[in-house]
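# Overview (structure and organization)
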Amino acid sequence: MSNSSKDWLSKLGPLIGLILLIIIVSVMNPSFLSITNIFNVLRQVSISAIIAFGMTFVILTGGIDLSVGSTLALTGAVAASLLAGGVDPFLSMGVALILGLILGAINGVIITKGKVAPFIATLATMTVYRGLTLVYTDGKPISGLGDHLSFQMFGKGYFFGIPIPVITTIIAFVILYFILHKTTYGRRVYAVGGNEEAAKLSGINADRIKIGVYAISGFMAALSALILTSRLNSAQPTAGQAYELDAIAAVVLGGTSLNGGKGWIFGTLVGALIIGVLNNGMNLIGVSSFWQQVVKGIVILLAVLLDRKKSE
Amino acid sequence: MIQMSGIKKAFNGNVVLNDVQFTLEKGEIHALMGENGAGKSTLMKILSGIYSKDAGEIKVDGEPVHFKSPKDAEKYGIVVIHQELNILPDLTVAENLFLGKEKTYGKLGILKTREMEKEAKELLSKLGLDVHPKTRAGDLSVGKQQIIEIAKAITSDAKYIVMDEPTAALTDREIQTLFETIRELKEKGISFVYISHRMEEIFAICDRITILRDGQYVGVRNIPETTFDEIVAMMVGRELGERFPERKCEIGDVKLEVRNLSVKGIFENISFQVRKGEVVGMAGLMGAGRTEVGETIFGYRKAHSGEIFLDGQKVTIKSPIDAMKHKIGYVTEDRKTKGLILNFSIQDNVSLANLKKVSSSGIVKKEKEEALVNQYIEQLKIRTSSPKQAAKSLSGGNQQKVVLAKWLGTDPEILILDEPTRGVDIGARKEIYHIINNLAQEGVAILMISSELPEVIGMADRVIVMQEGKLTGEVQKEEMTQERIMHYATGGEQVV
């Protein structure tokens, strides 16, 4: 097939971009390549990457999930309050994860059964979940989570010298990669995004697939909430604001089409790393935080424009 | 006067018009007839500048013209009113009439609203339409909207108006009003091209008929001097030859029975049976509701009433998943939007309806998948470099075989084929006919929806005919002629 090399090029484009970015940053400030800094970048990236993995599933079906930041805040607050109340750390974490799954599934049900556009549905639940977080926490941070080793380790610990959030991210990546590329469920996710009519006419329950992807997205938001809560040793009611934008940016930078049906989760990982390296690099180089936002926006725009050019 | 001659047009090497001629006199209503796919729409799209011609000549009042866009054609007064009306429902009647040619004070774009409304009112009353220019266009009936479209054409000084199936959605009364309007405009020297499948209407309003068949010009007839039968014969008369392979098979018990199936506003009281090993053709014109019947049996559409029996047992089918559990397969009419996921490879498309078969505990097994797809690539002679080739890069015939492969994989006992050879070249067609015959010989009950009469006659054991949502006739193998089927499909008088 003559176009397979072109396919590969467009798939590897984001990776090439990431490598170039790393080279530029390390030339301008060699301390970027220090182990401490690299782990620092990876630990920061882990929170947004995990959310972006879930977002990839949603975007592959042609949807979008704007509620992930609020889901993160609410699940983080629930986990923190349970811990502060002396509940077993594993149980607390489990409750938070299941809550994330349910909040996501609610999005899915509104979208499929209520036939509400994903953008609108999750815009509404974004506000609702944030509001519930404020009600639940009374607008105040929750701290005093105790000193359970297992929970403390989750965000701050190391395993053989590697930060545990990084390991969590890798495990999540491997599992989700397997689901997306090796299981019937993954195939159906692509099919629903590629052509929902054709998928339905092939006996695929598109509604169930869609509810599933939003549940996954909610679950991943909760997972990332646990890392954040452990790292900060407290839950902030305003946590996770605008995280949905970084997650969407990572998915798009990774080459996944917002129209659905096209893309892969490895691209999302690369996309999340590009954003992480860009943030960290600009800090190291000393770019003002105001300009950082301008640069980040332009990079996203350029990446999408380049992708458009290639597909023409 | 418009003269088109030697018009040729091909899409991707597929010739759709070859040496076609057409003349439209001043003040004439000229019908253009032909089966689906005969080239009527393409010819009119060339006339109105939407498509460019590959060869041939168009003259308007003796002057050769070259249209590059619909705007060019409009300068010569050629306007097309499409089947899907171009009315913006939320604008008023007057706003619709002057859309894109608003009257303004100077160049600032400040609208002369009152003047436009006054003009609109005059124009509409001339056309015998009594509506207020400030009425929201979407609140009018389709018939009135149709007349607004004509009024729009007149405001842009149209001399030649092409109407594509103008009466498809109109009531009898609205049709009468439309005809009166057309006749009045004809008196004023405006010419009409009238595309329709409805024979009575054409005989009621038109002066002449040009007939196309398979992209060729067949002839032109003056209305009072011709008959329904002559026109039908001209439309369908081609030799069947050896295009359809012979089938010898045992027709068994009734496999599928549909009783009084109805979907409100689309079709009603459809009842028929299909036996094991039988190929039942379903004929009719575009929009007769055949695809919708197929989709309803397959559970993709919700039936409002009616029953479905399989092997004499009543079944409830609420979704394609239910239908597949009952071993029903459905090869959709439109493979690009409903049959295939174009970005998917052949293999992924074939697997789509067979994911259970090629996986174990939810994990797709590459070996099973490859075995399945390779079996069908060989069996159906799908021409491809690799099972990983994307479906969108295949030819129409091969795409259709991929859709067939997807359904054969489910081992169907009932197979609904909707236009199984549309856009498929002749060689691949015959291979698809062979596949259909083999399935029938294995005892599969087949419902074949097709707009191509030769195909229906060549392949079906029995034909049922639909017209405008109703089952209007059934023809046995021995009695099948194109004329007879066409009469049921157009609602013409019954042939004895």
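Residues numbered from 1 in each chain as written. Chains lettered and ligands numbered in written order. Predicted model: local features only at pLDDT ≥ 70, side-chain atom pairs only at ≥ 80, totals over all residues. Heavy atoms only, no water.

### A short note on the overall build of chain B
For chain B, the count of helices and strands is 17 helices and 24 strands. Against the 2.2 N^0.38 benchmark of 23 Å for 496 residues, chain B shows a C-alpha radius of gyration of 25 Å, consistent with a compact globule. Counting every position in chain B, which comprises 496 residues, the buried fraction comes to 53%. A separation threshold of at least 6 residues defines the contact pool for chain B, and within that pool the share at least 24 residues apart is 65%. Looking at chain B as shown, the accessible area adds up to about 22,300 Å², and 47% of this sits on carbon and sulfur atoms. Here chain B contributes 68 positive and 72 negative side-chain charges, whose respective centroids are spaced 5 Å apart. (Helix = DSSP H or I, 4+ residues; strand = E, 2+ residues; numbered from the N terminus. Rg over C-alpha atoms; globule rule 2.2 N^0.38 Å. Buried < 20%, exposed > 50% of the residue type's maximum accessible area, 1.4 Å probe, protein only. Contact = heavy atoms within 4.5 Å. Areas by Shrake-Rupley, 256 points an atom, 1.4 Å probe, with all protein chains shown as cover. Lys, Arg positive; Asp, Glu negative; His and termini not counted. Charge placed at Lys NZ, Arg CZ, Asp CG, Glu CD.)

### Observations regarding helix H8 (residues 184-194) of chain A
Judged by how many residues are buried, H8(A) sits mostly within the fold: eight of eleven residues are covered. Within H8(A), burial applies to Thr184(A), Gly186(A), Arg187(A), Val189(A), Tyr190(A), Ala191(A), Val192(A) and Gly193(A).

### Details of the nonpolar core
Across soluble globular proteins, nonpolar side chains show a tendency to be buried alongside one another. In terms of nonpolar packing, the biggest core is built from 81 residues, with Phe53(A), Phe57(A), Met220(A) and Leu226(A) touching the most fellow members. Those residues in contact with Leu226(A) that sit more than four places away from it in its chain are Ala79(A), Met93(A), Ala96(A), Leu97(A), Phe151(A) and Phe154(A). Grouped together as the second largest cluster of nonpolar side chains are 68 residues, Phe267(B), Leu408(B), Ile436(B) and Ala445(B) included. (Core = buried A, V, L, I, M, F, W, Y, C linked by side-chain atoms within 4.5 Å.)

### Overview of the interface of chain A and chain B
Listed by partner, the interface residues are 20 residues for chain A and 29 residues for chain B. The largest share of the area that chain A buries against chain B comes from Arg187(A), Leu201(A) and Ser202(A), three residues that together contribute 35% of it. In this assembly, chain A and chain B are joined by two salt bridges. A salt bridge links Glu369(B) to Arg187(A), with the shortest nitrogen-to-oxygen separation between them at 2.6 Å. Elements with a minimum of two residues in the side of chain A that touches chain B: helix H7 (164-182), H8 and helix H9 (196-201) of chain A. At six residues, H8(A) tops the list of elements feeding residues into the side of chain A that touches chain B. Its residues assigned to classes, the side of chain A that touches chain B comprises seven nonpolar, seven polar and six charged. (Buried area = accessible area lost by both parts, 1.4 Å probe. Salt bridge = Lys/Arg side-chain N within 4 Å of Asp/Glu carboxyl O. Nonpolar A, V, L, I, M, F, W, Y, C, P; charged D, E, K, R; others polar.)

### Observations concerning the packing of helix H5 (residues 142-155) of chain B against helix H6 (residues 172-187) of chain B
Residue and element names in this part refer to chain B. The interhelical angle for the contact between H5 and H6, taken along N-to-C directions, is 15°, at an axis separation of 9 Å. Between H5 and H6, the interaxial angle falls into the category roughly parallel. H5 and H6 meet at a crossing whose hand is right-handed. Only Glu174, Thr177, Leu178, Thr181 and Leu185 of H6 make contact with H5, whose side of the interface consists of Val142, Gly143, Gln146, Ile147, Ile150 and Ile154. For the contact of H5 with H6, a count of residues per class yields six nonpolar, four polar and one charged. (Axes fitted to C-alpha atoms, helices over the stretch in contact; angles between N-to-C directions. Parallel < 35°, antiparallel > 145°, perpendicular 65-115°, else oblique. Left-handed = near helix turned anticlockwise from the far one by under 90°.)

### A short note on the sheet that holds strand S14 (residues 267-275) of chain B
Residue and element names in this part refer to chain B. Here we have four strands laid out as an open sheet, ordered S14-S13-S16-S17, and antiparallel in their pairing. If you trace the sheet from one side to the other, it starts and ends with S14 and strand S17 (313-315), each paired once. Strand-to-strand twist of the sheet, defined as the mean angle between neighbouring strand axes without regard to direction, takes the value 20°. Pairing of strand S16 (residues 305-310) with S17, which is carried by three bridges, proceeds in the antiparallel orientation. The residue bridging isoleucine 308 from the neighbouring strand is valine 315, located in S17. Here helix H9 (residues 290-297) sits on the sheet in contact with strand S13 (254-263), S14 and S16, set at roughly 70° to S14. (Pairing = 2+ DSSP bridges.)

### With respect to a nonpolar patch on the surface
All names here are of chain A. Together, Leu12, Ile16, Ile19, Leu20, Ile23, Ile24, Val27, Met28 and Ile285 give the surface a local cluster of nonpolar side chains, amounting to about 820 Å² of exposed area. Per element, the largest residue contribution to the nonpolar patch is eight residues, and it comes from helix H1 (residues 4-28). Position of leucine 20 relative to the elements: it lies in helix H1. (Patch = residues over 30% accessible without salt bridge, like charges linked within 9 Å, V, L, I, M, F, W, Y side chains within 5 Å.)

Remember that the coordinates give geometry; whether it matters functionally is a separate question.
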